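# Structure at a glance
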Amino acid sequence: MWGWLLRRLGQIIPTLLILSVLIFALQQLMPGDPAIIMAGEERGDPQVLAEIRAELLLDRPIWEQYGAWLWRLLHGDLGFSWRIRQPVGALILEKLPVTLQLGLMAFVISVAIGVPAGIVSATYRDRPADWVANGVALAGISTPNFWLGIMMILFFSVQLGWLPPSGYVPLTEDWRQSLATTIMPAFVLGGGIAGVFMRHTRAAMIGALGQDYVRTARAKGLPERVVVNRHALRNALIPVVTLGTIELGRLLAGAVLTEQIFSIPGFGKLIVDAVFNRDYPVVQGVVVVTAVIFVSLSLLGDLLYMAINPRLRAA
Amino acid sequence: MSATAASAVPRAESPGRRALRRFLRHRLAVAGLVVVLAFVLAAALAPWIAPFDPVATSWSRIRKPPSELHLFGTDENGRDVLSRVLWGARASLLAGGLSVTAALTLGVPFGLLAGLAGGWVDTFISRVTDAMLSVPFLILAIALAAFLGPALENAMLAIAISASPIFVRLARGMAMEAKSTEWVEAARALGNPPWRIALAHVLPNIVPPLLVQATLAIAEAIIAEASLSFLGLGQQPPNPSWGSMLNAAQRFLTQAPWMAIYPGLAIFLVVLAINLLGDGLRDALDPRARGR
């Protein structure tokens, strides 16, 4: 297992290095001169522009700029926001808990809907319950989550007046208000992913129910409930756990639009605002952090897979 | 490729015909195909079938609810929502189709190269693919679109680049699988150059899974285009796109909910139809799927 872990890390490090080159290269696509954007009001003053160029190393060769950027990155320095005049790392740390709360709530919702639906669908395969579950899952996957968000605001906030249409209250301030402001966005974010979970659980359960050990369990005369829950489900959930960590990462991407619609000041809103302010260091910083989270989660998924699958532990 | 299989097993139907039969048996997939074709037709014929000019504003008809004259109502500038939805189909379908075509042209050759060449070429291409896949699709597309600047063409380019690593990975896996088969072995033994093996022997065999993946990718690309346009990074006003219409609609939810309902419904319908089509294609084309 240690050998495997080392090999896996040996893959991740070059991957992250290449990613850092790609993210750095994004800058080169940028229209216009960054010094002029950053100078703002003082863009007419050549003295100021020269100072900024020297500070950002824009007057140095490209590989030297990359080296300096990577060096700071490895020291946890994600750069400095051009607009908000704060370190990017601090900005991200400030916004991340909001998205984390939203993401975890969405994750719980998607697992709570998707996994049981997948089990029911597999045990009642090709019967009405299966068709309904499949239909709802497909509809969930096909609905753009920002539209679902708008429709939910229209129904629950505008029509019924039950929930606030936008805004965010931190958990530490008032947990009830906090839940009221995040339940709709969490549902929007988790809804589509519930469909993905349902489909994967269903496929894994159908696979498990066709296995010899399930036939043996049935032949032993065990009640169907025990066969499904104890024998099939435990084995079927192994791939679903790995998938879960990947989907948790994908929630970050979904959060971009959801936070925009519900005006939630999280990670996703940070990148959108940064895009509009042409605050490129923030955009880069968010991409770097997202990638690191994503890669860590997929590593965690592999580790969990090893941990819960005894057959792999010995290898 | 169909002729060899048919001659090997007497009286067996050709793979193409079998795929068609399996696909047609899939009623939902056929329905999906019909809906997709209807949207393609609507997009193509928008200039002729749209009842109004999609960008013509009218101060006397601002935010009018759906009526006989304006079936889907009018928007904040008095423009006809139905006409804008029809014209918006152009942006969405074009973005979906073109960006996935570009992603295929970009991804498949690299995937084939990695799978067939192996060695450090494979290692390098695979690590770049991993790097791109380690940023969620939409965030990568947003970052690219941000640096490229807001325009529909740039959004499509950003989606194409973000979607390509999936195809690299798929083509690579299929190429590696094909490389170890007897027919490729035989082709190599006959002295065919590697590029010829890739084009004539490997590519045709990986077309079915690529087709399925491409179909599903179009659905994702349409959502991505709508998302980017919703954020203001895609189609620029006043030109209509479903995403940008939803963006405008969000500000008038209480006064004019129809502005939000119809463009979203259009995205939902077309994406649902494409997903149904993709599922049907998968069942029809996957030789490992249950026979019947």
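Calculation notes
Residues numbered from 1 in each chain as written. Chains lettered and ligands numbered in written order. Predicted model: local features only at pLDDT ≥ 70, side-chain atom pairs only at ≥ 80, totals over all residues. Heavy atoms only, no water. UniProt positions renumbered as here; feature names shortened; annotations may be inferred. Helix = DSSP H or I, 4+ residues; strand = E, 2+ residues; numbered from the N terminus. Phe/Tyr/Trp six-rings, centres within 6.5 Å; stacked < 30°, edge-to-face > 60°. Buried < 20%, exposed > 50% of the residue type's maximum accessible area, 1.4 Å probe, protein only. Lys NZ or Arg CZ within 6 Å of the ring centre and 35° of its normal. Core = buried A, V, L, I, M, F, W, Y, C linked by side-chain atoms within 4.5 Å. Domains from an automatic or database assignment. Contact = heavy atoms within 4.5 Å. Buried area = accessible area lost by both parts, 1.4 Å probe. Salt bridge = Lys/Arg side-chain N within 4 Å of Asp/Glu carboxyl O. Polar contact = N/O pair within 3.5 Å; in protein donor to acceptor, adjacent residues only side chain to side chain. Nonpolar A, V, L, I, M, F, W, Y, C, P; charged D, E, K, R; others polar. Patch = residues over 30% accessible without salt bridge, like charges linked within 9 Å, V, L, I, M, F, W, Y side chains within 5 Å. Areas by Shrake-Rupley, 256 points an atom, 1.4 Å probe, with all protein chains shown as cover. Lys, Arg positive; Asp, Glu negative; His and termini not counted. Charge placed at Lys NZ, Arg CZ, Asp CG, Glu CD. pLDDT = per-residue confidence, 0-100.

With that settled, the discussion passes to the UniProt feature "transmembrane region" (unreviewed entry) in chain A. Residues and elements named next belong to chain A. Taking the UniProt record as the reference, the feature "transmembrane region" (unreviewed entry) is found at residues 12–30, 102–124, 136–158, 178–198 and 286–308. A distance of 25 Å separates the end C-alpha atoms of residues 136–158, which is 91% helix and 0% strand. For residues 286–308, helix accounts for 100% and strand for 0%, while the C-alpha atoms at its two ends are 32 Å apart.

Attention now goes to the UniProt feature "domain: ABC transmembrane type-1" (unreviewed entry) in chain A. Here the UniProt-annotated "domain: ABC transmembrane type-1" (unreviewed entry) positions come out as residues 96–305 of chain A. Helix makes up 83% of residues 96–305 of chain A and strand 0%, and the two end C-alpha atoms of the span are 27 Å apart.

The subject of this paragraph is the packing of aromatic side chains. Applying the stated criterion across every chain yields a total of 11 aromatic pairs over all chains. Taking 6.3 Å as the distance between ring centres and 35° as the angle between the ring planes, the aromatic pair formed by Tyr66 of chain A and Trp69 of chain A counts as tilted. Taken together, the residues Tyr66 of chain A and Trp69 of chain A, both in helix H4 (residues 62–74) and 3 residues apart, mark about one turn of the helix. Note on Tyr66 of chain A: relative accessible area 19%, which makes it buried. Of the aromatic side chains, those joined through ring pairs into one cluster are Phe24, Tyr66 and Trp69 of chain A. Just above the ring of Trp87 of chain B sits the side chain of Arg90 of chain B; from NZ or CZ to the centre is 5.1 Å.

What follows covers the nonpolar core. Residues Ile271 of chain A together with Ile142 and Trp242 of chain B are the most contacted members of the largest nonpolar core, which totals 161 residues. Sort the elements by how many residues they give to this core and helix H9 (residues 194–230) of chain B lands first, with 16 residues. A domain-level breakdown of this core finds at least three residues from each of domain 1 (20–88) and domain 2 (99–312) of chain A. When neighbours within four sequence positions are excluded, Ile142 of chain B is seen to be in contact with Val256, Ile271 and Val275 of chain A together with Leu228, Leu231 and Leu233 of chain B. Of all hydrophobic cores here, the second largest spans 5 residues; its members include Ala42, Ala50, Leu82 and Leu86 of chain B.

What follows deals with the interface of chain A and chain B. Bring the parts together and some accessible area is lost; that lost area is often taken as the interface size. Counting residues at the interface gives 45 residues for chain A, matched by 41 residues for chain B. In total, chain A and chain B occlude about 3,800 Å² of area from one another, counting both sides; carbon and sulfur atoms represent 82% of this. When residues of chain A are sorted by the area they lose upon contact with chain B, Ser142, Phe146 and Trp147 of chain A head the list and together hold 15% of the total. Summed over the shared surface of chain A and chain B, the number is 1 salt bridge. Note that Asp279 of chain B is salt-bridged to Arg199 of chain A, the shortest N-O span being 2.8 Å. For the interface between chain A and chain B, the tally reads 4 residue pairs in polar contact (both at pLDDT 80 or more). Secondary structure elements with two or more residues in the side of chain A that touches chain B: helix H1 (2–29), helix H6 (128–142), helix H7 (145–159), helix H10 (224–261), helix H11 (267–276) and helix H12 (280–308) of chain A. Residues belonging to the side of chain A that touches chain B are distributed by class as follows: 34 nonpolar, 9 polar and 2 charged.

All names here are of chain A. Domain parsing of chain A yields domain 1 (20–88) and domain 2 (99–312). Each partner contributes to the interface: domain 1 provides 15 residues, whereas domain 2 provides 11 residues. Ranking the residues of domain 1 by area buried against domain 2 places Ile23, Leu78 and Arg83 at the top, with a combined share of 36%. Connecting domain 1 to domain 2 are 0 salt bridges. Summed over the shared surface of domain 1 and domain 2, the result is 2 residue pairs in polar contact (both at pLDDT 80 or more). For the side of domain 1 that touches domain 2, the secondary-structure elements that each account for two or more residues are H1 and H4. No other element matches H1, which puts 3 residues into the side of domain 1 that touches domain 2. Its residues placed into classes, the side of domain 1 that touches domain 2 shows 12 nonpolar, 2 polar and 1 charged.

Taken together, Arg43, Arg83, Arg85 and Arg278 of chain A make up a surface patch of like positive charges. Note that Arg278 of chain A resides in the loop between H11 and H12.

All names here are of chain B. In this model, chain B carries a mean pLDDT of 84, and residues with pLDDT of at least 70 account for 93%. Averaged pLDDT values over the elements of chain B bottom out at 46 in helix H1 (residues 2–8) and peak at 91 in helix H4 (residues 81–117). Low confidence marks residues 1–9, where pLDDT is under 50. Its contacts with residues over four positions away, or in another chain, come to 5 contacts. Across the assembled chains, the prediction reports ipTM 0.84 with pTM 0.86.

Residue and element names in this part refer to chain A. For Glu259, the position within the fold is in helix H10. The buried charged residue Glu259 lacks any salt bridge partner; its closest oppositely charged side chain belongs to Lys269, at an N-O distance of 8.2 Å. For Glu259, the side chain forms a polar contact with the main-chain nitrogen of Lys269, separated by 3.0 Å. Apart from residues lying up to four places away in sequence, Glu259 is in contact with Thr99, Leu102, Ile264, Gly266, Phe267, Gly268 and Lys269.

The residue after Pro237 of chain B, namely Pro238 of chain B, is reached through a cis peptide bond having omega 5°. With phi around 60°, Asp126 of chain A is a residue other than glycine that occupies positive phi space. Structurally, Asp126 of chain A can be placed in the loop between helix H5 (88–123) and H6. Residue Ser263 of chain A is not a glycine yet carries a positive backbone phi of 45°. Within the secondary structure, Ser263 of chain A is located in the loop between H10 and H11. Take Ser263 of chain A: its relative accessible area is 36%, and that puts it in the partly exposed class.

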